[in-house]
Amino acid sequence: MFNKILIANRGEVALRILRACRDMGIRTVSVHSTADHDAMHVRLADESVCIGPPPARDSYLNNAAIIAAAMITNADAIHPGYGFLSENADFAQMVEEHGIAFIGPSPDHIRTMGDKIAAKRAAAGAGLPGVPGSDGAVEGAAEALETAKRIGFPVLVKAAAGGGGKGMKVARDAQGLAEAMRLARTEAQAAFGDGKLYLEKYLDHPRHIEVQILADHHGAVVHLGERDCSLQRRHQKLLEEAPSPALDAAARQRIGAQAAEAIRRLGYRSAGTLEFLWADGVFHFIEMNTRLQVEHPVTEEVSGIDIVCEQIRIAAGQPLGLGQADLRLSGHAIECRINAEDPVSFAPSPGQVGRYHPPGGPGVRVDSGLFAGCEVPPYYDSLVAKLIVHGADRGECIMRLRRALAEFVIDGIKTTLPLHARLLADPHFVAGDYDIHWLEHFVERAG
Ligand code: MV4
């Protein structure tokens with residue numbers, strides 16, 4: 001096992017990794033920008049290294065500074081968390097070239113899954129069909145039109161380097177397609193420096209279902225069931241739950257088994273997530289995330305598995321201590337993402353926190369780096385806390401979540417807590433009756 005892990009991240013996920021390290025008796029090194037000098041992830045670590053000024057590109061994205069920090073502190077592994085360098089194949093490779101373990105999959109797997117066309121091809125080859133569409137990249141308008149006529153309008157133009165919705169355009173007819181191609185190409189080129197595009201049939205009202213996987217270096221693969229991540233606005237998830245209210249036991253079993261088998265065939269090793277769109281009783285693979293995800297706690301709550309500890313053990317070469325038959329998913333879990341934002345306009349709301357009182361009681365977990373008097377800097381993602389609640393079933397989970405939301409006090413900054421309270425009172429949400437577009441309409445109705 002590793003002696004010392006450097007955590008190349010900040011905020012709640014840095015704390016989450018610190019806690020896993022403590023539970024495993026592994027020493028920790030935090031890195032931080034000058035804006036995070038007094039942050040909780042710095043206070044709780046055994047050692048810390050300042051890696052640069054506030055802008056992320058000069059600190060949390062500064063791979064040379066991070067690797068130098070690992071070298072001088074004698075860390076034998078780096079955990080990248082999520083965001084920042086977590087899906088940067090060049091960083092993972094550089095870490096390994098310095099004799100330090102990267103807690104994640106191989107650079108090759110990160111690279112393949114980072115190219116959405118390559119990912120789709122690899123997944124299809126491993127038994128996970130995607131949405132019907134172009135066979136790889138589409139070059140020009142004529143080729144795009146040919147594909148669109150084959151699969152039928154509406155179609156969705158997607159960027160190979162995309163993900164998170166950037167460079168994505170819907171086209172409803174031939175004229176719209178030419179325009180969508182131009183816009184998507186320009187946007188993708190500007191955002192990623194790569195204008196490569198592909199085409200898919202546009203699914204109108206799917207749900208976003210993802211399957212959590214653990215795979216070790218000895219051929220063992222397990223899935224930990226699915227999460228429903230359909231409740232999002234502008235590609236920012238607001239609330240996730242496990243299991244999905246949309247799936248029955250047969251569909252759940254089918255996608256879990258298919259996902260695990262695909263991971264086995266891909267030779268993937270680490271924690272990872274396969275993303276699907278679920279429409280009309282069919283799963284379509286769309287992307288794979290090769291990192292620990294923000295919403296991993298809902299899976300931890302229903303499976304009893306510590307995903308971060310398992311991810312660290314896998315990276316250290318240890319075998320998964322369990323098989324699929326040892327796993328029992330039980331009850332229901334929901335995560336509310338609490339952002340330092342205005343709950344109506346979503347304008348960022350950084351600043352100093354006043355009173356801070358997290359909720360407690362049966363079934364309640366709070367993952368957060370907040371404390372009374374802390375500063376929420378304006379430079380980074382606005383996620384400041386995650387409230388994760390578990391119950392014997394979805395009904396109990398919702399009752400406990402309402403209780404926890406009512407107890408939660410974060411003064412001094414605006415947060416999305418009131419939006420969650422409103423959502424938890426909505427009959428459609430309570431019925432589990434929503435798709436990927438539903439939240440946008442709910443938010444528009446806000447007063
Ligand atoms: C789609 C789709 C409909 N049809 N693909 C959005 C981000 C990227 N990860 C994939 N996305 C979508 N791909 C086809 N063929 C709709 C979306 C989509 C979406 C997907 C998941 C969660 C939220 C979403 C919000 C808008 C659009």
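We now turn to the structure provided with this report. (Residues numbered from 1 in each chain as written. Predicted model: local features only at pLDDT ≥ 70, side-chain atom pairs only at ≥ 80, totals over all residues. Heavy atoms only, no water.)

### A word on the side chain of K158
To keep it simple, the criterion reads: Secondary structure elements follow DSSP: runs of H or I of four or more residues count as helices, runs of E of two or more count as strands, with numbering from the N terminus. Polar contact criterion, stated in full: a pair of N or O atoms within 3.5 Å, where within protein one must be able to donate a hydrogen and the other to accept it, and residues adjacent in sequence count only if both atoms are side-chain atoms. Two residues qualify as a contact provided that any one of their heavy atoms is within 4.5 Å of a heavy atom in the partner residue.
In this fold, K158 is placed in strand β6 (residues 155–159). There is a polar contact of 2.9 Å between the side chain of K158 and the side chain of E200. For K158, the contacting residues outside a window of four places in its chain are G167, M168, K196, L197, Y198, E200 and I286.

### A word on the sheet that holds strand β11 (residues 236–242)
Quick reminder of the rule: Criterion used throughout: strands pair if DSSP finds at least two bridges between them. Throughout, an axis means a line fitted to C-alpha atoms (over the contacting stretch in the case of helices), and angles, computed between N-to-C directions, take values from 0 to 180 degrees.
Ordered by their spatial adjacency, eight strands build an open sheet running β13-β12-β9-β10-β11-β14-β19-β17, and the pairing between neighbours is antiparallel. With partners counted over all chains shown, the strands left at the sheet margins are β13 (282–289) and β17 (364–368), one partner each. Strand-to-strand twist in this sheet, taken as the mean axis angle between neighbours without regard to direction, amounts to 25°. Bridge analysis of strand β14 (residues 332–339) against strand β19 (residues 383–391) gives eight bridges, and the strand direction is antiparallel. Counted as the bridge partner of N339 is L383 from β19. Across the face of the sheet, helix α12 (residues 394–407) comes into contact with β11, β14, β17 and β19 while running at roughly 140° to β19.

### Thoughts on the site of the ligand
Applied cut-off: When we say a residue is near a molecule or strand, we mean one of its heavy atoms is within 4 Å of it. Using a 1.4 Å probe, the Shrake-Rupley method yields the accessible areas, and only the shown protein chains count as cover for residues.
In the vicinity of the ligand there are 16 residues, among which K158, E200, K201, L203 and E287 approach most closely. Taking K158, its side chain carries an N or O atom lying 3.0 Å from a nitrogen atom of the ligand. Within the backbone of L203, a nitrogen or oxygen atom sits 3.0 Å from a nitrogen atom of the ligand. Notes on the ligand: free accessible area 520 Å², of which the protein chains cover 92%.

### As for the pairing of β14
How we decide: Three exposure classes are used, based on accessible area relative to the maximum for each residue type with a 1.4 Å probe and protein chains only: buried under 20%, partly exposed in between, and exposed over 50%.
Of all eight residues in β14, eight are buried, a share of seventy percent or more. The two faces of β14 match: H332, I334, C336 and I338 on one face and A333, E335, R337 and N339 on the other face are all buried. Note that β11 and β14 share four bridges and pair antiparallel. Across the sheet, residue E240 finds its bridge partner in β14, namely E335.

### Some thoughts on the environment of A251
The residue A251 is located in helix α9 (residues 249–266) in this model. Classification of A251 by relative accessible area gives buried; the value is 3%. Excluding anything up to four places from it in sequence, A251 contacts W278 and F283.

### Re α9
Quick reminder of the rule: Multiplying 1.5 Å by the helix residue count minus one yields the expected span of that helix. As used here, the arc is the angular range of directions from the helix axis to the C-beta atoms.
Compared with an ideal rise of 1.5 Å per residue, which puts 18 residues at 26 Å, α9 spans 26 Å between its outermost C-alpha atoms and is within 8% of the ideal. Those residues of α9 lying buried are A251, I255, G256, A259, A260, A262, I263 and L266. For α9, the arc enclosing every buried residue in end-on projection is 160°, short of the 170-degree limit, so these residues lie on one face. Of the residues in α9, the exposed ones pointing more than 90 degrees away from the buried face are A249, A250, Q253 and R265. Buried positions along α9 lie against α5 (107–114), α6 (116–125), β9 (207–215), β10 (221–233), β12 (270–279) and β13. Where α9 terminates, the next one or two residues include G267, which has phi positive at roughly 70°.

### A short note on unusual backbone geometry
The omega angle of the peptide bond from F153 to P154 is -5°, so this bond is cis rather than trans. By the secondary structure assignment, P154 is in the loop between α7 (141–151) and β6. The step from A242 to P243 runs through a cis peptide bond, and the omega angle for that step is -5°. Residue placement: P243 occurs in the loop between β11 and α9. The phi dihedral of R234 is positive, around 50°, even though this residue is not glycine. Structurally, the position occupied by R234 is in the loop between β10 and β11. Of note in this structure, F346 is not a glycine but carries a positive phi near 65°. Tracing the sequence through the fold places F346 in the loop between β14 and β15 (351–352).

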